[in-house]
Amino acid sequence: MKKEQAQANRANVAYGDGAWSLPGERVRLAEQSPLQLDCGTTLKGVDIAFQTWGELNAEKSNAILICHALTGDHFVAGKHPVTGKNGWWEEVVGPGKVIDTDRYFIICSNILGGCMGSTGLQSKNPETGELWGRDFPVITIGDMVRAQKLLIDHLAIEQLFAVVGGSMGGMQVLEWACQFPDKVFAAVPIATTARHSAQNIAFHEVGRQAIMADPDWCKGNYLAEGKYPHRGLAVARMAAHITYLSEPALTRKFGRNLQDRDAVTYGFDADFQVESYLRHQGSSFVDRFDANSYLFITRAMDYFDLAERFDGHLSKAFKDTPVRFLVMAFTSDWLYPTYESREIVNALNAGAANVSFVEIASDKGHDAFLLDEPDFHQVFEGFLEGCAEHRGLKRNGR
Amino acid sequence: MMNPANPKSIRVDLQLIANMIEPDTRVLDVGCGNGDLLEHLWRTKQVDGRGIEISTQGVQSCVSAGLSVVQGDVEKDLKNYPDDAFDYVILSQTVQAMMDPRGVLEQTMRIGKRAVVSLPNFGYWRLRFYMLINGRMPVSENLPYEWYNTPNIHFCTIRDFVRLTRHMNLTIEQSLFLDEAGSSKTIGNSVSIANWFGEQAVFLLKK
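Cut-offs applied
Residues numbered from 1 in each chain as written. Chains lettered and ligands numbered in written order. Predicted model: local features only at pLDDT ≥ 70, side-chain atom pairs only at ≥ 80, totals over all residues. Core = buried A, V, L, I, M, F, W, Y, C linked by C-beta atoms within 7 Å. Buried ≥ 20, exposed ≤ 12 C-beta atoms within 10 Å, placed from the backbone. Contact = placed C-beta atoms within 7 Å. Helix = DSSP H or I, 4+ residues; strand = E, 2+ residues; numbered from the N terminus. Pairing = 2+ DSSP bridges. Right-handed = clockwise from strand over helix to strand, strands pointing away. Nonpolar A, V, L, I, M, F, W, Y, C, P; charged D, E, K, R; others polar.

Ile64, Ala162 and Ala187 of chain A are the most contacted members of the largest nonpolar core, which has 182 residues in total. Ignoring any residue separated from it by four or fewer positions in sequence, one finds Ala162 of chain A in contact with Ile64, Phe185, Ala186, Ala187, Val188, Leu384 and Cys387 of chain A.

As structure tokens, this is what we get:
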């Protein structure tokens, strides 16, 4: 039943032309000149699904681009049309909040390769008329950013006031600053890295293998076969979810508490609350995410190494950058630990760039950037405020 | 943010440092605390200012106030900056708290064309008498710590510091001391007088 419901959701929402029924906006770009991808191929006709909040001022100087993370989407604030839950950055984005919708014009687009309306594996290959599926080209973080750039050009915004994002969103922020330094006034990469580490790749590989080990994955052709690798995707999500938290956060939330029982059952039911929680995380994820997309997006993250194209010198990626940076890390984030943020900061300092860096004390792990963390919010807001003053934005942003 | 037309007053020694800095320059404040000096320099002299600060609370208040400040350890992080990246590098009440004051001063002179250094003077007569009479490490209003919890692990006198600048072949372009009335006087060639009567000193150094 659940599976059928999930497939119905996916069929209604994300696949093929169904994506047009999602709320928000959607444009078809790169129709004349195709989008060049890092893997060597091109995409002609790229759909970008996006949402905006607030109003663009007359000078078009108050636009903030939010880049979403691996399993995020462009439903940043407000009710999510698929899950019915709050947007993923409800804590940060809204009237009077850190990213103030009364003051800034906020844009978030579903990434290239995402499964919420932008061109991706669920789109039709214009040449064959079939859904792309596994034949979709393997994309990179750089490709995602070049697709976002098409949208920003389409919106006729000369320079973004800020590009912000956490985790994979932070990687996109770094790409923006590297590829289009004149298009970005301020950049806020949060809880992220300039290079996916061996440990990061290893965790992703576990997730991918879980999906591919599910017989319902059907070598990637599950759509054609009318199946869905929900077990594999759920396990992938469960494993990944552990890396987003921290030992103290798990202990505080669950400890060794038992789930609806007084004693262990000497079996393999979810005796412990933490097991039940993870199972729920896995199964609810399956309802809103596509398994092949998960493979492709995690691959894009694994390929991310900003210094690689600069002979391993990260500082060259930001040479003479005019961008004002705020780098933030969280003490308990073991997925992208503080020292990875420090490497970014050191590279920026090597060019005497304008950079701020704060390590926020939190025991909530990597996901702290999504949560109610007052110090994080205060620093973030103050930085944007200072940038607004340097940019000459008035209080009301107009 | 405060009103640019009415900059809040800053500590006297910070004002002396600010006076040594030309407008529209690039400045790095090493150990910038809660950012008072950086904010003042931005408001009054339009400097392009940066800071390094080790305390979380200090960095948070700086960045929240719109200042460009990096959380870091001065003794580890200065080496990341390129040569001559700044017109001025400020060490305000910082050198005496370093493990390696000379190393920090060398890095400072490498990344800055000039340095402004302020420090408490351990040769100040009240401190000398405190030790002479009490036989204990001096504790005063300006130096409120006990020996076992002081962050100031490398105290020096004005004469000591002048001597170090000679060893390092640095030029002292300006030097001032602050007496107990809080008025500033030029040190110049009167190192002896300054060393007795200065509670604090400020130096403008050039390579």
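Now, onward.
Residue and element names in this part refer to chain A. Burial runs high along strand β11 (residues 324-330): 7 of the 7 residues are buried. Alternating residues of β11 divide into Arg324, Leu326, Met328 and Phe330 and Phe325, Val327 and Ala329, and every residue in both groups is buried. Across 3 bridges, the pairing between strand β10 (residues 184-190) and β11 is parallel. In the strand pairing of β11, Ala187 is matched with Phe325. Taken together, β11, helix α11 (residues 338-350) and strand β12 (residues 354-360) form a β-α-β motif whose crossover is right-handed.

With that settled, consider the environment of Gln122 of chain A. Residue and element names in this part refer to chain A. Assignment of secondary structure puts Gln122 in the loop between β8 (105-109) and α2 (141-154). For Gln122, a count of 27 C-beta atoms within 10 Å puts it in the buried group. Put simply, Gln122 and Asp290 are 168 residues apart on the chain and 8.5 Å apart in space, counted from C-alpha to C-alpha.

Each partner contributes to the interface: chain A provides 22 residues, whereas chain B provides 17 residues. Among the secondary structure elements, those contributing two or more residues to the side of chain A that touches chain B are β11, α11, β12 and α12 (374-391) of chain A. With 8 residues, the single largest contributor to the side of chain A that touches chain B is α12 of chain A. Broken down by class, the residue content of the side of chain A that touches chain B amounts to 10 nonpolar, 7 polar and 5 charged.

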